[in-house]
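Fold and contact review
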Amino acid sequence: MTGPNFLERFRPVGAPGGGASGSGRATDTLGPEVELAPVLAALERTFDECRAFVEESEAAARRTLVEARARAAAVVAEARMETAREQADAAARVLARATAADDRVIESAHRAAARVKESAAGRVEPLAHDVVERMVAQVLGRGEGSGALP
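First, a word on scope: everything that follows refers to the structure included in this document. (Residues numbered from 1 in each chain as written. Predicted model: local features only at pLDDT ≥ 70, side-chain atom pairs only at ≥ 80, totals over all residues. Heavy atoms only, no water.)

**Describing the overall build of the protein chain**
Helix and strand content of the protein chain: 1 helix and 0 strands. Here the protein chain holds 150 residues, and 3% of them are scored as buried. Of the roughly 12,800 Å² that the protein chain leaves accessible, carbon and sulfur atoms contribute 63%. (Helix = DSSP H or I, 4+ residues; strand = E, 2+ residues; numbered from the N terminus. Buried < 20%, exposed > 50% of the residue type's maximum accessible area, 1.4 Å probe, protein only. Areas by Shrake-Rupley, 256 points an atom, 1.4 Å probe, with all protein chains shown as cover.)

**Structural notes on the pattern of salt bridges**
Per the stated rule, a full pass over the model turns up 7 salt bridges. A salt bridge links Arg45 to Glu49, with the nearest nitrogen and oxygen atoms 3.3 Å apart. Of this pair, Arg45 and Glu49 are both found in helix α1 (residues 32-140), 4 residues apart, which corresponds to roughly one turn of the helix. Note on Arg45: relative accessible area 63%, which makes it exposed. In this structure, Arg51 engages Asp48 in a salt bridge whose closest nitrogen and oxygen atoms are separated by 2.4 Å. Residue Arg51 and its partner Asp48 are located together in helix α1, separated by 3 residues, close to a single helical turn. The network of salt bridges with shared partners includes Glu44, Asp48 and Arg51. (Salt bridge = Lys/Arg side-chain N within 4 Å of Asp/Glu carboxyl O.)

**With respect to α1**
At Pro38, α1 shows its strongest bend, of approximately 35 degrees. Immediately downstream of α1, the backbone of Gly141 shows phi near 90 degrees, a positive value. (Bend = angle between axes of the 7 residues up to and from the residue.)

**A closer look at a nonpolar patch on the surface**
On the surface, a nonpolar cluster with roughly 410 Å² of combined accessible area is contributed by Leu36, Val39, Leu40, Leu43 and Phe47. Locating Phe47 in the fold gives a position in helix α1. Phe47 sits in the partly exposed class, given a relative accessible area of 38%. (Patch = residues over 30% accessible without salt bridge, like charges linked within 9 Å, V, L, I, M, F, W, Y side chains within 5 Å.)

Interpretation note: all reported values are geometric properties and have no functional meaning in isolation.
This is the structure in structure tokens:
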């Protein structure tokens, strides 16, 4: 349906049947602005409520975003502290294992040194006695020809 006024099709017309004086289009149209003014005025309150709702929603979204960023920063800070604690614990465990390994090596070296000392203790005294006798003999002139210690 073409024409300047869409709402004209809703104007009262006569009953179906023969032509009547009220059966045509109204010629006294006021235009869509005048016809829609009461509808738009009734919707004005709804428009205002929608605008207020959008503004409140945007403000709530901004607050939520600020709170979420703060919580995220707190989580990141806590994670960094936990990482530092875990690194310190790991370093302590590695140091403890290295110290234990060093202690085992040192204890093994002490045992080996004790075995060497123990085995040498039985041989040093007779060897020392023999060396002293040869030196005395050499000094006294009994073994001058040898000149060297075995």
